[in-house]
Amino acid sequence: MFGKWAMELAQTELSGPLPRRWAHTQGVVERATEVCPVLGVDAGLLLAAATLHDVGYAPRLAVTGFHPLDGARFLRDKHRANERLVRLVANHSFALVEAAERGLREELASEFPLLDEPLLVDALVYCDMTTTPDGDRTTAQDRVAEIRSRYGDDSVVGRFIRRAAPEIFASVKRVEAALAAQPR
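Now for a look at the structure at hand.

Reading the values: the criteria
- Residues numbered from 1 in each chain as written.
- Predicted model: local features only at pLDDT ≥ 70, side-chain atom pairs only at ≥ 80, totals over all residues.
- Heavy atoms only, no water.
- Helix = DSSP H or I, 4+ residues; strand = E, 2+ residues; numbered from the N terminus.
- Rg over C-alpha atoms; globule rule 2.2 N^0.38 Å.
- Buried < 20%, exposed > 50% of the residue type's maximum accessible area, 1.4 Å probe, protein only.
- Contact = heavy atoms within 4.5 Å.
- Areas by Shrake-Rupley, 256 points an atom, 1.4 Å probe, with all protein chains shown as cover.
- Lys, Arg positive; Asp, Glu negative; His and termini not counted.
- Charge placed at Lys NZ, Arg CZ, Asp CG, Glu CD.
- Polar contact = N/O pair within 3.5 Å; in protein donor to acceptor, adjacent residues only side chain to side chain.
- Salt bridge = Lys/Arg side-chain N within 4 Å of Asp/Glu carboxyl O.
- Phe/Tyr/Trp six-rings, centres within 6.5 Å; stacked < 30°, edge-to-face > 60°.
- Lys NZ or Arg CZ within 6 Å of the ring centre and 35° of its normal.
- Expected span 1.5 Å × (residues − 1).
- Axes fitted to C-alpha atoms, helices over the stretch in contact; angles between N-to-C directions.
- Parallel < 35°, antiparallel > 145°, perpendicular 65-115°, else oblique.
- Nonpolar A, V, L, I, M, F, W, Y, C, P; charged D, E, K, R; others polar.

1. A look at the overall build of the chain
Along its length, the chain carries 10 helices and 0 strands. Tracing the chain from N to C terminus, the helices and strands come up as α-α-α-α-α-α-α-α-α-α. The C-alpha radius of gyration of the chain comes to 15 Å, within 12% of the 16 Å expected for a compact globule of 184 residues. Taking the principal axes of its C-alpha atoms as reference, the chain extends roughly 45 × 35 × 30 Å. Across the 184 residues that make up the chain, the buried fraction comes to 51%. For the chain, contacts bridging at least 24 residues in sequence account for 66% of all contacts bridging at least 6. Accessible surface for the chain amounts to roughly 8600 Å². Of this, 53% is attributable to carbon and sulfur atoms. For the chain, the distance from the average site of its 23 positive side-chain charges to the average site of its 26 negative ones is 1 Å.

This is the structure we're talking about:
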């Protein structure tokens, strides 16, 4: 339903100006493919969200400098994207916690309320937080450490990731449990 459109859009916005971000996105999509069996009818939605979760980093889309909000607004306003998809992109990987650090919490929460679909939300966190910036598989613990190292503990992102880490780890653990419970 979303696949080809999402991939073409993400590739157009990210592959040229941000090749490393594009590599990360491709890795996140690989993780999403692995998680799809636990989501049933929402598998396509997860794949689209994984593909578009970082589109807001594209230089031409960076209005606020907060990629979840910029990406969600772009998808909503320019592409009239599915509301659930837009809300997943806006809130991926505990974006509300970072939005609070940036003074954008109310703006994000009012425009793009959190989805009340825990497994779907957790699945996107899992895919994002078990993928390195270069698209390789990693652990959530190593990913959080990498983010802290790259941005520094006193940066907005560093403060956010320290605050969000327990929730990130819990999300990843829930998805790993769901994957382990799948019949082989």
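Next comes the rest of the description.
2. Some remarks on the side chain of Arg87
Its location among the elements puts Arg87 in helix H5 (residues 83-90). Take Arg87: its relative accessible area is 17%, and that puts it in the buried class. Side-chain polar atoms of Arg87 contact the backbone oxygen of Pro113, separated by 2.7 Å. Contact partners of Arg87, with chain neighbours within four places excluded, come to Phe112, Pro113, Leu114 and Leu115.

3. Remarks on the pattern of salt bridges
Per the stated rule, a full pass over the model turns up 23 salt bridges. Between Arg174 and Asp122 there is a salt bridge, and its shortest N-O distance comes to 2.6 Å. Residue Arg174 is found in helix H10 (residues 156-180), and its partner Asp122 is found in helix H8 (residues 118-129); the two are separated by 52 residues along the sequence. Residue classification places Arg174 among the partly exposed residues on the basis of a relative accessible area of 41%. Put simply, Asp153 and Arg162 hold a salt bridge, and the shortest N to O gap is 3.9 Å. One salt-bridge network, in which partners are shared between bridges, spans Arg73, Arg76, Asp77, Glu107 and Glu111.

4. Brief notes about the packing of aromatic side chains
Evaluated as defined, the whole model comprises 0 aromatic pairs. Seen from the ring of Tyr57, Arg21 lies directly overhead, with NZ or CZ sitting 3.7 Å from the centre.

5. Concerning H8
Each α-helix turn comprises 3.6 residues. Residues three or four places apart therefore point the same way. Spanning 12 residues, H8 covers 16 Å between terminal C-alpha atoms, matching the ideal 16 Å at 1.5 Å per step. Of all 12 residues that make up H8, 9 are buried, and the element is covered over most of its length. Packed against the buried residues of H8 are helix H2 (19-35), helix H3 (43-52), H5, helix H9 (140-151) and H10.

6. Some details on the environment of Tyr57
With respect to the helices, strands and loops of the structure, Tyr57 is situated in the loop between H3 and helix H4 (67-79). On a C-alpha basis, the gap between Tyr57 and Gly71 in space is 7.4 Å, while along the polypeptide they are 14 residues apart. When sequence neighbours within four positions are dropped, the list of residues in contact with Tyr57 reads Leu18, Arg21, His67 and Tyr151. A polar side-chain atom of Tyr57 sits 3.2 Å from a polar atom in the side chain of His67.

7. Quick notes on the packing of H9 against H10
In the contact formed by H9 and H10, the axes pass within 10 Å of each other and the chain directions differ by 175 degrees. One finds that H9 runs roughly antiparallel with respect to H10. Contacts between H9 and H10 involve Ala140, Gln141, Val144, Ile147, Arg148 and Tyr151 on the former and, on the latter, Val157, Gly158, Ile161, Arg162, Ala165, Ile168, Phe169 and Val172. A per-class count over the contact of H9 with H10 returns 10 nonpolar, 2 polar and 2 charged.

8. Remarks on the environment of Gly158
Mapped onto the elements, Gly158 comes out in helix H10. Measuring from C-alpha to C-alpha, the distance between Gly158 and Thr64 comes to 18 Å, with 94 residues separating the pair along the chain.

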